[in-house]
Amino acid sequence: MKIQFKLLDQRKGIIIFSSCILFITCIVFLVHFYFMYDNNTKTTAVTDSNYLSNEQSFFDNVDDQSSLLPCPCDPSLLEDIKKVESEKTVKDRTKKIETQLPPVAVMKKVNANLLKDRVLIVATANYGMRNHVYNWIESIKRTGEKKFLIFCFDQKLYDHLCLTGHENQATLIPEVWYHQQVESDFKTYFSQEYRVITHSKTLVVQQLLYLDIHVLFSDVDIVWLRKDIVHYMTRLLQIRPETGVLFQQEGLNQQEINSGFYLMRSTDEMKLLLAETIEIQDSSNNTKTQQGAMNTALNQFNLDIRTSPIVLLDILHFPNGYVYYTLDLPNQYGIEPYIVHANYLVGEDKKQKLVSSNFWYLNDTWLDQIDKKLNMI
């Protein structure tokens, strides 16, 4: 019996001793944790204060710079990687283009018609389009623009423009820029000759981009209606550094561009776009128009709305012929367009639609008289 009590007392002593040891250990741990937490809190506060007052000193005082690098799952790092990969892709795909400086006389006209920020309003045409050329000129002048340059496909149109006092706003396309020669007659849409003409438009813009010029290209069947079009478009281009080009839309579904009206920045990506457009059209045996080739080339580019260099102009303020004449959307919604493009119309219908909407500013009798005068020279 005494032995049992003795064993019991020994067990109690062991339990009490163990409990004391555990209690003391917990106290020591809690005290240690408290001081660690207090020191970290103070350090963070000081660091935050230094960062707010002097960002550079914050980075200078950090011993291990590697701890500041974002982890691989950081979205910002992934975006940077994508950007670098995109830039590498553009550089890798950039084609070596044989650029040809234009003759001195052409270069003088280019420089004389440059607008602010090295923007040049450009049109191309042949003699068969002369009535639309003069209507286009008059519409531009009514918006207050005095500087523009018409690249003529043939001598006859150039002579016609010189005869009417537009020598400083007209020039022949340098022969070294051509891939195929262009005839002087008016061409119907989708004809082989029409494809050659539209192909040459791309060649002109391409060469101008390599002169560090931002090109505002306009087809001559477009009527300019509002002042400050150039100012509006250049500001729209500049507020978003990623933007390389502002395109008018084709159709209504926001999936196809119209290559008859755009403002293009002189960047490597845009030079590549034109190079691939030309390559597609060169290799298609004249089965694709310039617009078809350019839309095909765009499929190889970044078209993500957040990061793409390709931006579409508003369809109501920059309507194509389908939107303006067939659907009449700008008028239905009380929108005053900046321009109206008389595409989707062929031959005389194009002119008649412009006449019916009071957008035909040309005196046809005057044009006939100039034609006769030119033929007598």
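Asks: Please give an account of the overall build of the protein chain that cites residues and values.
Replies: For the protein chain, the count of helices and strands is 14 helices and nine strands. The buried share of the protein chain, reckoned over its 377 residues, is 45%. Accessible area for the protein chain stands at about 21400 Å²; split by element, carbon and sulfur atoms hold 55% of it.

Asks: Hey, could you go over the confidence of the model for the protein chain for me, with residue numbers and the actual values?
Replies: Of all residues in the protein chain, 69% have pLDDT values of 70 or greater, and the mean over the chain is 80. Counted against residues more than four places away or in other chains, residues 1-8, with its pLDDT under 50, gives zero contacts. With pLDDT under 50 throughout, residues 180-192 is counted as low confidence; its partners more than four residues away or in other chains account for 30 contacts.

Asks: Please give an account of the sheet that holds strand β3 (residues 170-172) that cites residues and values.
Replies: What the seven strands build is an open sheet, ordered β3-β2-β1-β4-β7-β6-β8; its pairing is mixed. Edge positions in the open sheet fall to β3 and β8 (310-312), since each of these has one partner strand only. Pairs of neighbouring strands in the sheet enclose a mean axial angle of 35°, with direction left out of account. With four bridges connecting them, strand β1 (residues 119-125) and strand β2 (residues 149-152) associate as parallel partners. Paired with Ala123 across the bridge in β2 is Ile150.

Asks: Please provide a residue-by-residue account of the pattern of salt bridges, values included.
Replies: Here the structure, examined in full by the defined rule, presents seven salt bridges. Across the salt bridge formed by Arg235 and Asp117, the nearest N and O atoms sit 3.1 Å from each other. In this pair, Arg235 is assigned in helix α8 (residues 229-238) and Asp117 in the loop between α4 (104-112) and β1, connecting sequence segments 118 residues apart. Given the relative accessible area of 34%, Asp117 is considered partly exposed. Asp371 is the salt-bridge partner of Arg130, the closest N and O atoms lying 3.0 Å from each other. Pair noted here: Arg130 is in helix α5 (residues 130-142) and Asp371 is in helix α14 (residues 364-376), with a separation of 241 residues, a long-range link.

Asks: I'd love a proper account of the nonpolar core, names of residues and values included.
Replies: The biggest cluster of nonpolar side chains holds 46 residues, and the ones touching the most others in it are Trp136, Trp224 and Phe261. The leading source of residues in this core is α5, at five residues. Apart from residues lying up to four places away in sequence, Trp136 is in contact with Ile121, Ala123, Phe148, Ile150, Ser218, Asp219, Val220, Ile222 and Trp224. In this structure, Val122, Val205, Met270 and Leu274 belong to the second largest nonpolar core, which totals 36 residues.

Asks: Can you tell me about α4, naming the residues and giving the values?
Replies: Inspection of α4 places Val106, Met107, Lys109 and Val110 among the buried residues, and these make up the whole buried set. The arc that holds the buried residues of α4, viewed along the axis, is 160°, so those residues lie on one side. Exposed side chains of α4 directed beyond 90 degrees from the buried face belong to Val104, Ala105 and Lys108.

Asks: Before we move on, could you go through the packing of helix α6 (residues 155-163) against α14 and cite the residues and values that matter?
Replies: Two quantities define a packed helix pair, namely the angle between the axes and the distance from one axis to the other. The N-to-C vectors of α6 and α14 enclose an angle of 115°; their axes lie 10 Å apart at closest approach. For the element pair α6 / α14, the angle class is roughly perpendicular. When the axes of α6 and α14 are compared, the crossing they make is right-handed. Here Lys156, Asp159, His160 and Leu163 of α6 lie close against α14, whose contacting residues are Leu367, Ile370, Asp371, Lys373, Leu374 and Asn375.

Rules and cut-offs
Residues numbered from 1 in each chain as written. Predicted model: local features only at pLDDT ≥ 70, side-chain atom pairs only at ≥ 80, totals over all residues. Heavy atoms only, no water. Helix = DSSP H or I, 4+ residues; strand = E, 2+ residues; numbered from the N terminus. Buried < 20%, exposed > 50% of the residue type's maximum accessible area, 1.4 Å probe, protein only. Areas by Shrake-Rupley, 256 points an atom, 1.4 Å probe, with all protein chains shown as cover. pLDDT = per-residue confidence, 0-100. Contact = heavy atoms within 4.5 Å. Pairing = 2+ DSSP bridges. Axes fitted to C-alpha atoms, helices over the stretch in contact; angles between N-to-C directions. Salt bridge = Lys/Arg side-chain N within 4 Å of Asp/Glu carboxyl O. Core = buried A, V, L, I, M, F, W, Y, C linked by side-chain atoms within 4.5 Å. Arc of directions from axis to C-beta. Parallel < 35°, antiparallel > 145°, perpendicular 65-115°, else oblique. Left-handed = near helix turned anticlockwise from the far one by under 90°.

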